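The chain contents come next:
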Amino acid sequence: MEPEVSIEGSSMIQVAVIPIGTVPPNVLRDYYSMLLPLHTIPLSAISSFYTEHQKSPFAHQPWDSGSLRFKFVLGGATPSPWEDFQSYRKNLAVLGIVHCPSSPDLDAVIDQFSNSCKSYTSSLVDRCFAFYPNDSQLEDGSKRDGNLRLFPPADRSTLEFHLNTMMQEVAASLLMEFEKWVLQAESSGTILKTPLDSQASLSSEEVIKAKKRRLGRAQKTIGDYCLLAGSPVDANAHYSTALELARLTGDYFWYAGALEGSVCALLIDRMGQKDSVLEDEVRYRYNSVILNYKKSQDNTQRVSPITFELEATLKLARFLCRRELAKEVVELLTTAADGAKSLIDASDRLILYIEIARLYGSLGYQRKAAFFSRQVAQLYLQQENRLAAISAMQVLAMTTKAYHVQSRSSISDHSIHNKGIGSNNTDGGKIYHQSVVSLFESQWSTIQMVVLREILLSAVRAGDPLTAWSAAARLLRSYYPLITPAGQNGLANALSNSSERLPPGTRCADPALPFIRLHSFPVHPTQMDIVKRNPAREDWWVGSAPSGPFIYTPFSKGDPNNIKKQELIWIVGEPIQVLVELANPCGFDLRVDSIYLSVHSGNFDAFPVSISLLPNSSKVVTLSGIPTSVGPVTIPGCIVHCFGVITEHLFREVDNLLLGAAQGLVLSDPFRCCGSPKLKNVYVPNISVVPPLPLLISRVVGGDGAIILYEGEIRDVWISLANAGTVPIEQAHISLSGKNQDSVLSYSSETLKSRLPLKPGAEVTFPVTLRAWQVGMADADNTRHSKDGSCPSLLIHYAGPLKTSEDPNGSTVSPGRRLVVPLQICVLQGLSFVKAQLLSMEFPAHVSENLPKLHDENISSAEGHVNSDSKMDRLVKIDPFRGSWGLRFLELELSNPTDVVFEINVSVKLENNSNEDNHLADQDATEYGYPKTRIDRDCSARVLVPLEHFKLPVLDDSFLLKDTQADGIGGGRTASFSEKSSKAELNACIKNLVSRIKVQWHSGRNSSGELNIKDAIQAALQTSVMDVLLPDPLTFGFRLVRNGFESDNPDPVKESDLPESPASKGSVLAHEMTPMVVAVRNNTKDTIQMSLNITCRDVAGENCVDGTKSTVLWTGVLSDITMEIPPLQEINHSFCLHFLVPGEYTLLAAAVIDDANDILRARARATSAAEPIFCRGPPYHLRVLGNT
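Residues numbered from 1 in each chain as written. Predicted model: local features only at pLDDT ≥ 70, side-chain atom pairs only at ≥ 80, totals over all residues. Heavy atoms only, no water.

## Comments concerning the overall build of the protein chain
For the protein chain, the count of helices and strands is 28 helices and 50 strands. With 1188 residues in all, the protein chain has 49% of them scored as buried. When contacts within the protein chain are restricted to residue pairs at least 6 apart in sequence, those whose partners lie at least 24 apart make up 78%. Carbon and sulfur atoms provide 51% of the accessible area of the protein chain, an area that totals close to 55900 Å². (Helix = DSSP H or I, 4+ residues; strand = E, 2+ residues; numbered from the N terminus. Buried < 20%, exposed > 50% of the residue type's maximum accessible area, 1.4 Å probe, protein only. Contact = heavy atoms within 4.5 Å. Areas by Shrake-Rupley, 256 points an atom, 1.4 Å probe, with all protein chains shown as cover.)

## Things to note about unusual backbone geometry
Cis geometry marks the peptide bond from L513 to P514; its omega dihedral reads 0°. Here P514 shows up in the loop between β7 (507–508) and β8 (515–520). The residue after L756, namely P757, is reached through a cis peptide bond having omega -5°. Tracing the backbone shows P757 in the loop between α21 (749–754) and β25 (763–771). For E4, which is not glycine, the phi torsion reads 55° and is therefore positive. Residue E4 is classed as exposed on the basis of its relative accessible area, which comes to 56%. Even without being a glycine, N740 presents a positive backbone phi close to 55°. Relative to the assigned elements, N740 resides in the loop between β23 (731–738) and β24 (744–747).

## A closer look at the nonpolar core
Counting 190 residues, the largest nonpolar core has F70, F129, W570 and V580 as the members making the most contacts within it. Sorting elements by how many residues they give to this core places helix α4 (residues 156–188) first, with 14 residues. If you look at the next biggest cluster of nonpolar residues, it comprises 36 residues, including M1123, A1149, A1151 and L1160. (Core = buried A, V, L, I, M, F, W, Y, C linked by side-chain atoms within 4.5 Å.)

## Comments concerning the sheet that holds β8
Spatially, the four strands line up as an open sheet ordered β8-β11-β15-β13, and their pairing is antiparallel. Two strands close off the open sheet at either side, each with one partner strand: β8 and β13 (604–607). For this sheet, the mean angle separating the axes of adjacent strands, direction not counted, is 35°. Bridge analysis of β13 against strand β15 (residues 617–627) gives four bridges, and the strand direction is antiparallel. In the strand pairing of β15, F607 is matched with S624. Relative to the sheet, helix α19 (residues 651–662) contacts β8 and β11 (576–584), its axis offset from that of β8 by approximately 95°. (Pairing = 2+ DSSP bridges. Axes fitted to C-alpha atoms, helices over the stretch in contact; angles between N-to-C directions.)

## So, the packing of aromatic side chains
Counting across every chain of the model gives 28 aromatic pairs. With centroids separated by 5.9 Å and ring planes inclined at 35°, the aromatic side chains of F1038 and Y1180 adopt a geometry described as tilted. Of this pair, F1038 sits in strand β40 (residues 1034–1042) while Y1180 sits in strand β50 (residues 1180–1185); the two residues are 142 residues apart in sequence, bridging distant segments of the chain. Here Y1180 falls in the buried class, since its relative accessible area comes to 1%. With a centroid separation of 4.9 Å and an interplanar angle of 45°, the aromatic rings of F1139 and Y1145 are classed as tilted. A residue is classified by how much of its surface remains accessible, and F1139, at 0% relative accessible area, is buried. (Phe/Tyr/Trp six-rings, centres within 6.5 Å; stacked < 30°, edge-to-face > 60°.)

## Structural notes on the environment of S362
Position of S362 among the secondary structure elements: in helix α11 (residues 346–363). Sequence-wise, S362 and R318 are 44 residues apart; in three dimensions their C-alpha atoms are separated by 9.1 Å.

## Examining helix α8 (residues 276–295)
When the terminal C-alpha atoms of α8 are compared, their 28 Å separation across 20 residues agrees well with the 28 Å that a helix rising 1.5 Å per residue should span. Taken residue by residue, α8 has L278, E279, V282, R283, Y286, V289, I290, N292 and Y293 as its buried positions. Residues of α8 that are buried sit in contact with α7 (252–269), α9 (306–320) and α10 (326–339). (Expected span 1.5 Å × (residues − 1).)

## Description of the pattern of salt bridges
Applying the stated criterion across every chain, the model contains 32 salt bridges. E260 is the partner of K315 in a salt bridge, and the nearest nitrogen-oxygen pair spans 3.0 Å. Of the two residues, K315 is situated in helix α9 and E260 in helix α7; the sequence distance between them amounts to 55 residues. Accessibility classification places K315 together with E260 in one group, the buried group. Its salt-bridge partner being R408, residue E653 comes within 3.0 Å of it at the nearest N-O pair. (Salt bridge = Lys/Arg side-chain N within 4 Å of Asp/Glu carboxyl O.)

## Considering the state of the cysteines
Within the structure shown, the criterion is met by zero disulfides. Of the cysteine sulfurs around C1096, a residue in no disulfide, the closest is that of C1104, at 3.5 Å. For C1096, a relative accessible area of 2% corresponds to the buried category. (Disulfide = S-S within 2.5 Å.)

## Regarding the pairing of strand β12 (residues 590–598)
Of the pairings in the sheet, the one linking β12 to strand β14 (residues 609–613) comprises four bridges and is antiparallel in character. Residue pairing in the sheet places V592 in a bridge with I611 of β14. As judged from the six bridges shared by β12 and strand β17 (residues 637–642), these two strands associate in the antiparallel manner. Bridge assignment links S594 to a residue of β17, and that residue is H641.

## A closer look at α9
The end-to-end C-alpha distance of α9 is 21 Å, a good match for the 21 Å that 15 residues give at a rise of 1.5 Å each. Among the 15 residues of α9, 14 are classified as buried, and the element is accordingly described as predominantly covered.

Right, dumping it as structure tokens:
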């Protein structure tokens, strides 16, 4: 049998093309490719070479439309014993190919060509084509006659034109030879035999029958040559004669051959025309051909003509091969396949299966074609040689598409698989269900495994390690659940053995293990939030909420399946990370030499890592890399170096695999087999790379651990910022975020701005002052209190230049960034409040002398001070017989539950302001400190805070509103607007006064802080706001008059000789007249009428002015002094005292207010309108010295 048989094949002239001399294979293929287009030579083109020596037997030669058709056989075809029966099987011409640069001796070439032509006995025309001769060869060849044809060096088009001309000459020579043969056969006849004619000795009757058959066979052969000469009309006439003679003689075999020729002549005559009538005629005739071939079979013959019957069946099937006639073609091919059992020669069965497979493939029946292709491969594998194994491997490779086990390199639509991370595929969230079904059909698993195993076996025999590796990889990856552990180890060994025969760095399109799926996109620690930049505003970050590297977040509204809404921003030069999960579902240890991200865009450098996987295990691996240039990034999968070969693993293929497993279409889920939890679908964003941005890296000087503070502790923390990027920072702004922002007292943002632009590698350090907050009741049992949600953070918005090197025109604004610097504060429980209460002193109090003095802004410095020189007298109103009255102390009870010692320091800050109604006298002393209190571990202590200097400057009815309402005297929900304003003013005043008290603590050398006592003081004051804050209606003060001037100070000369005593406020001499002044001030906004009384007492508390035993003489008025004091003014009353006995004396001033108004009665808490309002001033102490 011959391959590629067709009805029109009977009209093709078989030409043997043989290399002469040394011709490199690639050069021979090149020359052969130039010959193939010349398979048809029109008769009109050979007229210049054709010479009619006598009248042509081809009377109906179509010179205008006819042509000679050639079939070039490289290396020539083996002579067939059926050449007499079908002339197109003969090698009617021989073309020798000579490559002159490799064969310089033309004589040797000609001799070799002549010897080669002797084996082709049926050849009518021999030509030797010599290409690229040199000058000497051209000169030598021009002198030679014969069959040598030289082709001078030229370009390909010129050579093709020259070769076309030479083929026209060959065609003309063949046509003339055909004429000679036909004329000779018609005149003298010829003896034509087939293998069927020499089966046994012929009887006399058979000899007579053979002589009668010879004429019909000759007519059939002449018809064959007419077909070869391109004259179908003449051929049909001879075939008609042959059919008649063969029918009369019963020569069924030759009858079928002549009938085949007549069909070919019919088709050649109607070249290009095809209709139903012609198809019916061809179908009818070829069915008769097949029937006559069957009739010619004789069981006694050793040679069966069944091959011709099968060829005729294939020719008819090829002629009818189209989808509309698929049923009829399938029946013909089924009949031909059944006839293969009768074929003795394996080569004939091989050709038959090849033709059947091709025809099924033409119909689109790929699985039937694949089945017969596998039969072809089995025949090749039975030969057990390398060339046959190569052929088997190539045939099996063609079946892989039908069985859906093809190599990825053979997939034409490879673009679908290349759509990976970063692609703009609008169907990225969809999975191609049909591809899943076709790729993982469970009913085909056994056949698919067999096909891959056959490919592996043929590749090993053929010595093709790459194909063997690919087949083993596909077999192991797709069908590991159906393979035993021993079989899995065998495939792993096959992979390793194949890789040893491959050069290092070999790549294969088909991945093996492991299975790799995309896990997530973690944000790298250095990849901070990106903020859109508004260059038109100074606060360019406002209005653009940072969302990290994602422009779209899955938490925003919209359809999360539309991945076009997501865009991932990477920055040139900054490392990124992608998490992938690897699974090894097989029963052997898997070593991955390297794995890294696969990037086709060329603007990304990936970093490889190596990993080992235990049997039936999975592992999440971090893959990293650095973007190198601006543009989109496409990452379809990973590049894996495993089993000695480099492969690309696509994420989408694994996604399809997992979807098929979820729908029951795939044998097994490799990740579930390895115990990996079910992973949600990872919506892959589009990835784009932006130009380099500055990158701030923060650290806490002294360590990045938590800052341990006690409650209320104040400490400076130094933050260091370094520009780790390649772009300078030109804009920066610091702000606060998070909880407990008030714990950040200050931060030096000006230090950062003063260093701008901050160049790459530069560093700046600035302080942040922190104050620890109070630990809540829920956390009181915890020794440490440090939560991420409770700590404040510094927000640093920064940006580089507006124009980048990649965009010098500035068409796009470079974005900014946001750095979050968390202040990790660990708050330890410190001093705790036990209780706070307001005390009224009923015993003599000892208070420091360092309290400030009050000034009256309405009294000039020339008039002196209103109050006594004694600061304690001003603060503590001492009554030697009663104690202190009107003085309030705030008692704070503190507990120390820690293991350190605290020192408590209470200080009062006095504001240096000058209002209309008050004046603070001591301008230098703005803060007053009380004695320190030590609290040991696990101990408690009480701290007293005097509240006398918190008196309001003016006694007004508006300040009584809150207190009266608290007592139920007046007010309610129907309070007027003015009353509400008065409330707010009073509350603001209270808060202002409370804020002046500071309770600070120290522990060790560097630990210090401040207790938050505002709420405690305010709560304590709520019980008696009026007593604490409201001033007395009248205040009194005494002064000595020395040398005509009032003075608060005692005589410095005489005072220096006295021992210091808190009670020594003034020193005078006995037996001398001492001028003095008492000042009375009205602290209300109304005029006050009063009766003033002045009393002097000795150390025993006895009145020393009145009585029989008085020791003090006076001038002036000391009792029942009637005065009228204008609002917010003071009046001085002068008098003189003469002390008879040295000692300690105390002056007291008191007054009774006449006709007191409601304000004064409310302040004095009078119970009735007739009750007198009595006011007393602080005691003034005098030390009287004797004259010595």
